[in-house]
Each structure stands twice: as structure tokens, then as C-alpha cells.
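Structural overview
Below are the chains, spelled out letter by letter.
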Amino acid sequence: MSNLVIGGSTLDASWFLGLAAILFVLGTVGVLVRRNPLVILISIELMLNAANLALVTFSRQLQNYEGQLFALMSMTVAAAEAVVGLAILVDIFRTRDAEDIDDLSELKG
Amino acid sequence: MAIAVFFVFAALAIAGGIGVISFHQPIRSVLSLVVVMISLSVMFLLLSAQFVFAVQIIVYAGAVMVLFLFVIALLGPARELGRGRLRFQAWLSGIFVLVLFGLMYALLQGVQYRQPEKADLSIFGSVQWIAVYLFTNYLYPFELTSILLLVAAIGAIYLSRKRTGIDDL
């Protein structure tokens, strides 16, 4: 148990970590269950955001700057990932109608 | 007060996360993700990470989500058709997710917190405070991210170029 005093109230760091865990698991469900490639990319963004919340929580608990800097770096990586992923998706959709991720299985051995 | 804010926005974030994975139209998933992003930005503010809060709103809820909306507008509304061709996918996903959640729960129960370093909380997370570390200790990773963004931009331009002949395929 680790108490954070925020604006006169006392919150526990594990609440924030629990929220991050729930959001990460929801993102995992989206990646595993959904079939639309676009929604899978959106779920990956959700997982990255959950990881950011955990990083910032530990940064606040330790009163250390490295967690926040790492969260900023991971936001940069997430932006780059979204740009390249969406460009690949548009390129695929231009040549064929791929509404199901299982349609894209030409690389199968 | 802070406790009430936490629980309201935590409930909003979880509702948005459920919306992301349960709506059938991609545009509703994107708008649910915007709800999650804004709720998480409030969490960052609660954790006194002001600069990360601003970046979350501007870069994520602003730029990245608009990019997703543009792609959806470009591709047109696609609805998901029924089930896929992998058998037992829903069951296997359910088992995997239950195991993952149990693992995370066990991790949360056993986490050992170190003593805080007693930083000055009045400037913690402000722009000046972040900038001092970003441009001294972490200058090299900061410059590396510029190369990463350059590579991503060149890659996006290359992928979306116009193809004229058979040689370009």
C-alpha cells in the first residue's frame, strides 16, 4: 500500500495501477476478438495508454522524473506506430476489400 | 474531492474501454477511445503530471484520433461480418484474458513500493521541470525520437505514393 496525498485527499497508488491493468486487459480482448484491422489498431492504442498510466503512477509514487519522460517517449512511439500502421492499412484497402483480418494471410507458409 | 474525481473518471475510462471493443462500427470505437484518452488525461493531472496531461490532449486526443477518423472517412463504413474462420477463437481468447488478468492481479498484490525520493511537489511535472531532464540527462534519447519520427514520416509517404507502372508494384 502506498498513499499519495493529492489535493488534501489520500489516494492509493494501487488504484491507478488497477485501472491501468483493467484498460490493458480490455485492449487485449479487442486485439484477440475483433476482426476489423482498424479496430485492432485502436485496441493497441488503448493498451499503450494503459501502460502510460502505469508509468506516470510510478513516477508520482517515487517522485522521480524518469517515468514521465518514458511516458513521453512511448507517446512518440505510439504516434509513429499509428502513422505507419494506418498507411499500411490504406495501402491494403486500396487493392482489395479486407474487412476481416483473416483475409490477409498470403504470407502463410 | 480528489477521490470522487478519480472514481468518476475511472468509471468513464472503463466504460470507454468497453465501448472500444464492443461497438460494431469503427467510428464509434474511435470516439470511445477519445473518451478513454480524456479520462486518462484527468488521471495524469491527478498524478501532477501537467506536461504529460497537455501532450495527451494535444497529441493523442487531437492528432492521432483525427488521423484515425480520416482513415475511417477514407475507407468508408465497414461493418464486421459474423465470426471468423478460426474455431474456438472466442473461448481461447477468454481463457487467455482470464489468465492475463489473474497474472496482473497477482502482480498488483505483490508490488513492493520504494520510499519516495522527496522531490519538490510544487514544481513536480511542470514544463520547466520536465525540460531540465529532457535536455540534460535524456538528450540522446530525445534526439533519437526525432530520427524515429522522420523514419515514420518517410515510411508513410512511401506507402501512400501513387503507383504508375508494373515496375512499381
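Residues numbered from 1 in each chain as written. Chains lettered and ligands numbered in written order. Predicted model: local features only at pLDDT ≥ 70, side-chain atom pairs only at ≥ 80, totals over all residues. Heavy atoms only, no water.

As a further point, take the overall build of chain B. Looking only at helices and strands, one finds six helices and zero strands in chain B. What you see in chain B, going N to C, is helices and strands ordered as α-α-α-α-α-α. Taking 169 residues into account, the globule formula puts the C-alpha radius of gyration at 15 Å, and chain B, at 21 Å, lies well above it. Once the C-alpha set of chain B is aligned to its principal axes, its extents read approximately 60 × 40 × 30 Å. Looking at chain B as a whole, 32% of its 169 residues qualify as buried. Both charge centroids of chain B, one from 10 positive and one from 6 negative side chains, sit 17 Å from each other. (Helix = DSSP H or I, 4+ residues; strand = E, 2+ residues; numbered from the N terminus. Rg over C-alpha atoms; globule rule 2.2 N^0.38 Å. Buried < 20%, exposed > 50% of the residue type's maximum accessible area, 1.4 Å probe, protein only. Lys, Arg positive; Asp, Glu negative; His and termini not counted. Charge placed at Lys NZ, Arg CZ, Asp CG, Glu CD.)

On to the overall build of chain A, then. From N to C terminus, chain A includes three helices and two strands. Taken from N to C terminus, the helices and strands of chain A fall in the order β-β-α-α-α. A compact globule built from 109 residues should have a C-alpha radius of gyration of about 13 Å, whereas chain A, at 18 Å, is more than 25% larger. Along the longest, intermediate and shortest principal axes, the C-alpha atoms of chain A span 55 × 25 × 25 Å. The buried share of chain A, taken over its 109 residues, is 63%.

Turning next to the packing of aromatic side chains. With the rule as written, the count across this model stands at 11 aromatic pairs over all chains. Pairing Trp15 of chain A with Phe6 of chain B gives two aromatic rings, centres 5.8 Å apart and planes at 35°, and the pair type is tilted. Separated into two different chains, Trp15 of chain A in helix 1 (residues 13–33) and Phe6 of chain B in helix 1 (residues 2–22) make up a pair that spans both. With a relative accessible area of 31%, Trp15 of chain A lands in the partly exposed category. Residue classification places Phe6 of chain B among the buried residues on the basis of a relative accessible area of 3%. Across from the ring centre of Tyr158 of chain B, 4.2 Å away, lies the NZ or CZ of Arg161 of chain B, which sits over that ring. (Phe/Tyr/Trp six-rings, centres within 6.5 Å; stacked < 30°, edge-to-face > 60°. Lys NZ or Arg CZ within 6 Å of the ring centre and 35° of its normal.)

All names here are of chain A. Bridging between strand 1 (residues 3–6) and strand 2 (residues 9–12) involves four bridges; their strand directions are antiparallel. Note on strand 2: the bridge partner recorded for Leu4 is Leu11. Counting the residues in the hairpin turn of strand 1 and strand 2 gives two residues, including Gly7, whose phi is positive at 55°. (Pairing = 2+ DSSP bridges.)

A few words now on the interface of chain A and chain B. With 74 residues of chain A at the contact, the number on the chain B side is 85 residues. Both sides of the chain A and chain B interface together cover about 7,300 Å² of buried area, and 75% of this is carbon and sulfur. Summed over the shared surface of chain A and chain B, the number is zero salt bridges. Joining chain A to chain B, the criterion identifies eight residue pairs in polar contact (both at pLDDT 80 or more). Looking at the side of chain A that touches chain B, the elements with two or more residues in it are strand 1, strand 2, helix 1, helix 2 (37–62) and helix 3 (66–95) of chain A. Looking at the side of chain A that touches chain B residue by residue, the classes come out as 45 nonpolar, 18 polar and 11 charged. (Contact = heavy atoms within 4.5 Å. Buried area = accessible area lost by both parts, 1.4 Å probe. Salt bridge = Lys/Arg side-chain N within 4 Å of Asp/Glu carboxyl O. Polar contact = N/O pair within 3.5 Å; in protein donor to acceptor, adjacent residues only side chain to side chain. Nonpolar A, V, L, I, M, F, W, Y, C, P; charged D, E, K, R; others polar.)

Helix length check: helix 6 (residues 139–159) of chain B, at 21 residues, gives a terminal C-alpha distance of 31 Å against a target of 30 Å (1.5 Å per residue), a fit within 8%. Summarising the contacts, the buried residues of helix 6 of chain B are in contact with helix 3 of chain A. (Expected span 1.5 Å × (residues − 1).)

Formed by 61 residues in total, the largest nonpolar core has its most connected members in Leu23 of chain A together with Met43 and Phe68 of chain B. Among the secondary structure elements, those contributing two or more residues to this core are strand 1, helix 1, helix 2 and helix 3 of chain A together with helix 1, helix 2 (26–46), helix 3 (50–75) and helix 5 (127–134) of chain B. The next biggest cluster of nonpolar side chains, apart from the first, holds five residues, and it includes Ala21 and Val25 of chain A together with Val97 and Leu100 of chain B. (Core = buried A, V, L, I, M, F, W, Y, C linked by side-chain atoms within 4.5 Å.)

Residue-level pLDDT values for chain A average 87, and 96% of them are 70 or greater. Confidence, read as mean pLDDT per element, is least for strand 1 of chain A in chain A (77) and greatest for helix 2 of chain A (93). (pLDDT = per-residue confidence, 0-100.)

Our focus in this paragraph is the side chain of Asn49 of chain A. The topology assignment puts Asn49 of chain A in helix 2. For Asn49 of chain A, a relative accessible area of 1% translates into the label buried. What Asn49 of chain A contacts, discounting residues up to four positions off in sequence, is Met37, Leu40, Gln56 and Tyr60 of chain B.

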